[in-house]
Amino acid sequence: MKFKGIIFDLDGVLCSTDEYHYLAWKALADAIGADGFSREDNKLQRGVSRMESLEVVLKRCAKQYSDVEKLALAERKNEIYKSMLGNMSEKDLSEEVYSTLLALRERGLKLAVGSSSKNTPLILEKLGLGSFFDAVADGNCVMRSKPHPDVFLLAAEYLKLSPEDCLVVEDATAGVEAGVAGGFAVAGVGEARGYGKTNYPLGTFSDILKI
Ligand code: B16
Ligand code: MG
């Protein structure tokens, strides 16, 4: 591999919390009568910030909400989401993901997380990865979330590496756009696998080892 560092997205790459995000937004949408909120809508929420995700739900709503009310709605969704994370543990870190991370580290690569989520520290702790990574940049550290490149640029800076020396691993099109905008090569799983700007489509997570 020509890279010196790898920056991993969290939700949808290192763990499957993307499904909990959908279920929590769906619960909020049902509660406020945002009829028609669907899995297609949820695709637009992947990788983008909590407040931008809320706007996707509110497009399905006739009522106009004030900024204060929007903050309360986002907080309400986050409480539902966090209650879903309640039972999360090291068992939710797949054997494939963990063994791949260890193999990459053994090869001397620096490993970081670059996530839009403000819940990143909580989730990493639950997965048993609280002190595993060389750097963590998340939604608590940047003002602009993906598709802006800020969180990946910050992760690279923390690793003391330039973007061209880092590979970004993403599941969301907004995340691929963020990586490309920052000057990174991007590997894609899930939806990002078939996205035109993805440099390395991955059949499965461990395929990173073949790059
Ligand atoms: P939170 P990632 C992103 O995480 C999710 O993909 C996106 O759906 C979510 O809106 C965003 O985090 C913010 O999450 O509400 O926990 O702060 O994919 O960038 O790891
Ligand atoms: Mg993601």
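Above this note sits the structure.
Keep in mind it's a predicted model, so treat the numbers as computed, not measured.

Protein coordination at the magnesium ion (ligand 2) comes from Asp-9 (OD), Asp-11 (O) and Asp-171 (OD), with a distance range of 2.1 to 2.2 Å. Spacing between the donor residues of the magnesium ion (ligand 2) along the chain follows D-x1-D-x159-D. Of this pair, Asp-9 sits in the loop between strand E1 (5-8) and helix H1 (17-32) while Asp-171 sits in the loop between strand E4 (166-170) and helix H8 (173-181), and the two are 162 residues apart along the sequence.

Within the open sheet, the six strands sit side by side as E3-E2-E1-E4-E5-E6. Their pairing is parallel. In the strand order of this sheet, the two ends are held by strand E3 (135-137) and strand E6 (200-201), each with one partner. Alignment of E1 against strand E2 (residues 110-114), held across four bridges, turns out to be parallel. Looking across to E2, one finds that Ile-6 is bridged to Leu-111.

Let us look at the layout of surface pockets. Taken as a whole, the largest pocket spans an internal volume of roughly 560 Å³. Ranked by residue count, the leading element in the lining of the largest pocket is helix H4 (residues 67-85), at five residues. When the residues that make up the lining of the largest pocket are grouped by side-chain class, the tally is eight nonpolar, 13 polar and 11 charged.

The next subject is the pattern of salt bridges. In the structure shown here, the tally under the stated rule is 13 salt bridges. Between Lys-70 and Glu-55 there is a salt bridge, with its nearest N and O atoms 3.0 Å apart. Separated by 15 residues along the polypeptide, Lys-70 in helix H4 and Glu-55 in helix H3 (residues 50-58) bring together distant segments of the chain. Lys-210 serves as the salt-bridge partner of Asp-207, at 3.0 Å between the closest nitrogen and oxygen. Accessibility expressed as a relative area gives 16% for Asp-207, which makes it buried. Salt bridges sharing common partners tie together Asp-9, Lys-146 and Glu-170.

Analysis parameters
- Residues numbered from 1 in each chain as written.
- Chains lettered and ligands numbered in written order.
- Predicted model: local features only at pLDDT ≥ 70, side-chain atom pairs only at ≥ 80, totals over all residues.
- Heavy atoms only, no water.
- Donors = N, O, S within 2.8 Å, 3.2 Å for Na, K, Ca; no water.
- Helix = DSSP H or I, 4+ residues; strand = E, 2+ residues; numbered from the N terminus.
- Pairing = 2+ DSSP bridges.
- 1 Å grid on protein atoms, 1.4 Å probe; cavity = no way out; pocket = protein on both sides within 12 Å on 5 of 7 lines; lining within 4 Å.
- Points joined across faces, edges and corners; volume = space filled by probe spheres on them.
- Nonpolar A, V, L, I, M, F, W, Y, C, P; charged D, E, K, R; others polar.
- Salt bridge = Lys/Arg side-chain N within 4 Å of Asp/Glu carboxyl O.
- Buried < 20%, exposed > 50% of the residue type's maximum accessible area, 1.4 Å probe, protein only.

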